[in-house]
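Summary of structural features
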Amino acid sequence: MNAFGSSASGAATPVGAVRRRAVVDALRRGAVPESGLDLLATGLGRFEQAVDEELDTVAAGGSVFKAVRGEYGSGKTFFTRWLGERAKRRTFAVAEVQVSETETPLHKLETVYRRLTERLTTASFPPSALRPVADAWFYALEEDALADGASENELPQAVERLLTARLAEVSRHAPAFATALRGYKQSLDAGDEATAAAVMAWLGGQPHVAAAARRSAGVRGDLDHFGAFGFLQGLLTVLRDAGHAGLVLVLDEVETLQRVRSDARDKALNALRQLIDEVHSGRFPGLYLVITGTPAFYDGQQGIQRLAPLAQRLATDFTTDPRFDNPRAVQIRLPGFTEESLTSLGATIRDLYAEGSQSPDRIKQLADDAYLTDLARAVGGALGGKVGVAPRLYLKKLVGDVLDRIDQFADFDPRTHYKLTLASGDLTATEQNFAAPSPAASADDLDLEI
């Protein structure tokens, strides 16, 4: 089994044109679709029960931490977006943050929080959903105050009392969060949209907010590393009171920590350890935290093994047959693709594409399963026989070079008119490494022009 699997159910159920187009367009670009992953993801069935149980735990006021491991191409980003879609159907908010040394260094949690709010999304609102969530929260406070018997004249004072009560715990750790929310509401009530927008930006962790707006809201300075924990608590409180079950936060590509300076790496690993401990301590009710990384990050000396307490927290036994991996474990692994599973995924995409085509029978005839297998073998061969790293490139070539041409040109036959080519522009840096020629085993293997 692989991280994508086949999607018989998706093929049997009619799919809306907009959802189908979004998925196909993303694959054509060589990207993981932002939505519609349920059309491709029946192979993730082994994780469904455990994920749903953990989402239930978070919705009930608990918190969960999960580490996802997999080689390049095994579907880590696909898995986390599938999990996010599943969470949104349960009224969770979701944020996916790409960890990087320059843009989002993990040892600066104020930056992670800022990226979180920039990428915050819900089933109803795209990123950034921070302001709609805050507005929904104030609306919920007004509804609760009216339900408690407050009159229209008493409503502002009743809302203020509810705000103070709901944020009492947060105010102990981050009083500025509650203060800024009050300032935002006061600016809205006064019709000062510019100040309201500036205060909301400050609540989202944005630096360089105008001093006049901060003074108006009664706050000072910018968010720092330690204040980010309190702001995250505040955000979780607002989300739950606004009707959301919680927040799924994905820290993607954490393995990039292996490539930063040793001092920054040590700080980042310690920040991750601290964040995990806070999740397990119950400080963040309503948080489902997910990190992704390669096996080298989890097992190598440049990754979490560099910090023994962190390694102990993530320790998981992977010595057994992958069929018996425990989906409830703190760390789960995504098996890589095989030629068979890649062909099965290709068939899913072909059938999905055919549903929106004017010539579905012709597409299925010319891009039959045998051709899909040949294409999978060719892409894997071009990447040094590493089929497990081929899915992104395979799907990009299948959609953009084969299916699009069959759909548009009546006389196009991929077996006759198409030969797989891989230009440097097609490949990521990792794929280029796999595609590079193998080094010569001896001097006799070198071809020299004399």
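See the structure shown above.
The text that follows walks through the structure, step by step, so that each part is easy to find. Remember, it's a predicted structure, so these values are computed and weren't measured experimentally.

Rules of the game
- Residues numbered from 1 in each chain as written.
- Predicted model: local features only at pLDDT ≥ 70, side-chain atom pairs only at ≥ 80, totals over all residues.
- Heavy atoms only, no water.
- Axes fitted to C-alpha atoms, helices over the stretch in contact; angles between N-to-C directions.
- Helix = DSSP H or I, 4+ residues; strand = E, 2+ residues; numbered from the N terminus.
- Parallel < 35°, antiparallel > 145°, perpendicular 65-115°, else oblique.
- Left-handed = near helix turned anticlockwise from the far one by under 90°.
- Contact = heavy atoms within 4.5 Å.
- Nonpolar A, V, L, I, M, F, W, Y, C, P; charged D, E, K, R; others polar.
- Pairing = 2+ DSSP bridges.
- Salt bridge = Lys/Arg side-chain N within 4 Å of Asp/Glu carboxyl O.
- Buried < 20%, exposed > 50% of the residue type's maximum accessible area, 1.4 Å probe, protein only.
- 1 Å grid on protein atoms, 1.4 Å probe; cavity = no way out; pocket = protein on both sides within 12 Å on 5 of 7 lines; lining within 4 Å.
- Points joined across faces, edges and corners; volume = space filled by probe spheres on them.
- Core = buried A, V, L, I, M, F, W, Y, C linked by side-chain atoms within 4.5 Å.
- Expected span 1.5 Å × (residues − 1).
- Right-handed = clockwise from strand over helix to strand, strands pointing away.

1. Some points on the packing of helix α9 (residues 175-189) against helix α12 (residues 227-241)
The contact between α9 and α12 brings their axes to 8 Å, and the two run at 50 degrees. In terms of orientation, α9 lies oblique with respect to α12. The chirality of how α9 crosses α12 is right-handed. Seen from α9, the contacting residues are Ala176, Phe177 and Leu181; seen from α12, they are Phe231, Gly234, Leu235 and Val238. Partitioned by chemical class, the residues of the contact of α9 with α12 number six nonpolar, one polar and no charged.

2. Here's the deal with the environment of Leu163
Its place among the elements puts Leu163 in helix α7 (residues 155-166). Note: C-alpha distance between Leu163 and Val238 (75 residues apart in sequence) is 9.8 Å. Each residue touching Leu163, except ones within four places of it in the same chain, is listed here: Trp137, Phe138, Leu141, Ala178 and Arg182.

3. Digging into the packing of helix α6 (residues 130-147) against helix α10 (residues 193-203)
Two numbers describe how α6 lies on α10: the axes approach to 10 Å, and their chain directions differ by 105 degrees. In terms of orientation, α6 and α10 fall into the roughly perpendicular class. Only Glu193, Ala196, Ala197, Met200 and Leu203 of α10 make contact with α6, whose side of the interface consists of Leu130, Arg131 and Ala134. Taken together, the residues that form the contact of α6 with α10 break down as six nonpolar, no polar and two charged.

4. Description of the sheet that holds strand β2 (residues 93-98)
The five strands lie next to each other as β2-β3-β4-β1-β5, forming an open sheet whose pairing is parallel. Sheet topology places β2 and β5 (331-333) at the edges, where each strand pairs with a single neighbour. Across the sheet, the mean angle separating the axes of adjacent strands is 20 degrees when strand polarity is ignored. The pairing of strand β1 (residues 64-69) with β5 spans three bridges and is parallel. Paired with Ala67 across the bridge in β5 is Gln331. In this fold helix α3 (residues 45-59) packs onto β1, β3 (247-252), β4 (287-293) and β5, with an angle of close to 140 degrees to the strand it touches most, β4.

5. Considering the pattern of salt bridges
Counted by the stated rule, this structure contains 33 salt bridges. A salt bridge links Asp325 to Arg333; the nearest nitrogen and oxygen atoms lie 2.6 Å apart. An identical accessibility class is assigned to Asp325 and Arg333; each is buried. Between Arg415 and Asp368 there is a salt bridge, and its shortest N-O distance comes to 2.8 Å. Placement of the pair is Arg415 in helix α20 (residues 414-417) and Asp368 in the loop between α17 (360-366) and α18 (369-382), with a sequence separation of 47 residues.

6. Overview of the pairing of β2
A large share of β2 lies buried, amounting to five of its six residues. Pairing analysis gives six bridges linking β2 to β3, with the strands arranged parallel. Looking at the pairing, Ala95 lines up with Leu249 of β3.

7. Observations regarding empty space enclosed by the protein
Enumeration according to the criterion identifies four cavities of 30 Å³ or more in this entry. Approximately 100 Å³ is the volume attributed to the largest cavity. What lines the largest cavity is Leu109, Val112, Tyr113, Leu116, Ala228, Phe229, Leu232, Leu249 and Leu275. Top element by residues in the lining of the largest cavity is helix α5 (residues 109-119). It accounts for four residues. Residue composition of the lining of the largest cavity, by class: nine nonpolar, no polar and no charged. Size it by volume and the second largest cavity reaches roughly 50 Å³. Among the elements of the structure, α6, α9, α10 and α12 are those that each provide at least two residues to the lining of the second largest cavity.

8. Structural notes on the nonpolar core
With 74 residues, the main nonpolar core has Leu247 and Leu251 as its most contacted residues. A per-element tally of this core places α12 first, with eight residues. When neighbours within four sequence positions are excluded, Leu251 is seen to be in contact with Val97, Val99, Leu106, Val112, Leu275, Leu289, Val290, Ile291 and Thr292. Grouped together as the second largest cluster of nonpolar side chains are 55 residues, Leu27, Phe79, Ala87 and Leu403 included.

9. Some thoughts on helix α13 (residues 262-281)
Spanning 20 residues, α13 covers 28 Å between terminal C-alpha atoms, matching the ideal 28 Å at 1.5 Å per step. Within the sequence span of α13, burial applies to Ala264, Arg265, Ala268, Leu269, Ala271, Leu272, Leu275, Ile276, Glu278 and Val279. Along its buried surface, α13 packs onto β1, α12, β3, β4, α14 (295-299) and α15 (308-314). Looking one or two residues past α13, Gly282 carries a phi angle of roughly 90 degrees, positive in sign.

10. Regarding the pairing of β4
The element β4 is extensively covered by neighbouring structure, given that seven of its seven residues are classed as buried. Side-chain alternation along β4 places Leu287, Leu289, Ile291 and Gly293 on one buried face and Tyr288, Val290 and Thr292 on a second face that is also buried. With six bridges connecting them, β1 and β4 associate as parallel partners. Bridged to Lys66 within β4 is Val290. Examined bridge by bridge, β3 and β4 share five bridges and lie parallel to one another. Across the sheet, residue Val248 finds its bridge partner in β4, namely Tyr288. Following the chain from β3 across α13 to the adjacent parallel β4, one finds a crossover that is right-handed.

11. Some words on the layout of surface pockets
In this approach the atoms are scanned with a rolling probe the size of a water molecule, which exposes any empty space left behind. One number sums up the size of the second largest pocket: a volume of about 480 Å³. Considering the residues around the second largest pocket, the lining is formed by 25 residues, among which Glu34, Ser35, Glu85, Lys88 and Thr121 are closest to the centre. At the level of secondary structure, the elements contributing two or more residues to the lining of the second largest pocket comprise α2 (17-28), α4 (76-88) and β2. Considering every element that reaches the lining of the second largest pocket, the biggest residue donor is α4, with five residues. Classifying every residue of the lining of the second largest pocket gives ten nonpolar, six polar and nine charged.

What is shown is where atoms sit, not what they do.
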